[in-house]
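Report on the structure
If you want the building blocks of each chain, they are given just below.
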Amino acid sequence: MIGHLILRLTIWFLLTADFSTTNIIIGIIIALILPRGYTSRAKLTEWLKVLIQVMIAIPVAFKEAVEIILLPHNNEEIVREKVKHKHSSLLVFMDIFLITFTPKTIVLNHDEEGFYEVHQIKPGGK
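Please read these numbers as outputs of a predicted model, since none were measured by experiment.

1. So, the pattern of salt bridges
Tallied over the full model, the rule gives five salt bridges. One salt bridge connects Lys 63 with Glu 67, and the closest N-O pair in it is separated by 2.9 Å. With Lys 63 and Glu 67 both in helix H3 (residues 44-70), this residue pair falls four residues apart, about one helical turn. For Lys 63, a relative accessible area of 49% corresponds to the partly exposed category.

Written out as structure tokens, the structure reads:
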């Protein structure tokens, strides 16, 4: 509760850049009135795996960008990939973000059956 209040007040002060008494009172009222988000608790190990995947995705994205520049990528396909984190919508978002972050892939759809439709480009001429 107090952590949420401090976070919201910090964001409020960053947005307004005003530390007057009136603005502090308005910020506290807004921080208390805003609805609370109720998300499922993901395991710490799942978050650590996602963090490692993010660290790996950054150099992979640069590598793929250079490959696209140097080699023609004319072959395309749409594949279905299984959702890794069904119980946490934030982890599903991170999964979609990681897939879309790399230049050769983009998520087109997330269906209710637990699959992503991913568009991929591959090297090769027509």
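Picking up where we left off.
2. Structural notes on the UniProt feature "transmembrane region" (unreviewed entry) in the protein
Under the UniProt annotation, the feature "transmembrane region" (unreviewed entry) is placed at residues 12-35. A distance of 15 Å separates the end C-alpha atoms of residues 12-35, which is 75% helix and 0% strand.

3. Focus: the domain arrangement of the protein
Domain boundaries assigned for the protein yield domain 1 (1-33) and domain 2 (44-122). Placing a centre on the C-alpha atoms of domain 1 and another on those of domain 2 gives a separation of 36 Å.

4. As for the pairing of strand E3 (residues 115-122)
Remember that side chains alternate between the two faces of the sheet whenever the strand is regular. Bridge count for strand E1 (residues 75-82) against E3 is eight bridges, and the pairing is antiparallel. Bridge pairing links Lys 82 to Phe 115 in E3. As defined by bridge partners, strand E2 (residues 105-110) adjoins E3 across five bridges and the pair is classed as antiparallel. Residue pairing for E3: Val 107 is matched across the bridge by Val 118. Counting the residues in the hairpin turn of E2 and E3 gives four residues, including Gly 114, whose phi is positive at 95 degrees.

5. Focus on helix H1 (residues 2-16)
Between its first and last C-alpha, H1 extends 21 Å over 15 residues, near the 21 Å set by a 1.5 Å rise per residue. Among the residues making up H1, those that are buried are Arg 8, Leu 9 and Phe 13. One side of H1 holds all its buried residues, which, seen down the axis, span an arc of 135 degrees. With respect to the buried face of H1, the exposed residues turned more than 90 degrees away are Gly 3, Leu 14 and Leu 15. Looking at the packing, one finds that the buried side of H1 touches helix H2 (21-33). Looking one or two places after H1, you find Ala 17, whose phi comes out positive at around 55 degrees.

Scoring rules and cut-offs
Residues numbered from 1 in each chain as written. Predicted model: local features only at pLDDT ≥ 70, side-chain atom pairs only at ≥ 80, totals over all residues. Heavy atoms only, no water. Salt bridge = Lys/Arg side-chain N within 4 Å of Asp/Glu carboxyl O. Helix = DSSP H or I, 4+ residues; strand = E, 2+ residues; numbered from the N terminus. Buried < 20%, exposed > 50% of the residue type's maximum accessible area, 1.4 Å probe, protein only. UniProt positions renumbered as here; feature names shortened; annotations may be inferred. Domains from an automatic or database assignment. Pairing = 2+ DSSP bridges. Expected span 1.5 Å × (residues − 1). Arc of directions from axis to C-beta. Contact = heavy atoms within 4.5 Å.

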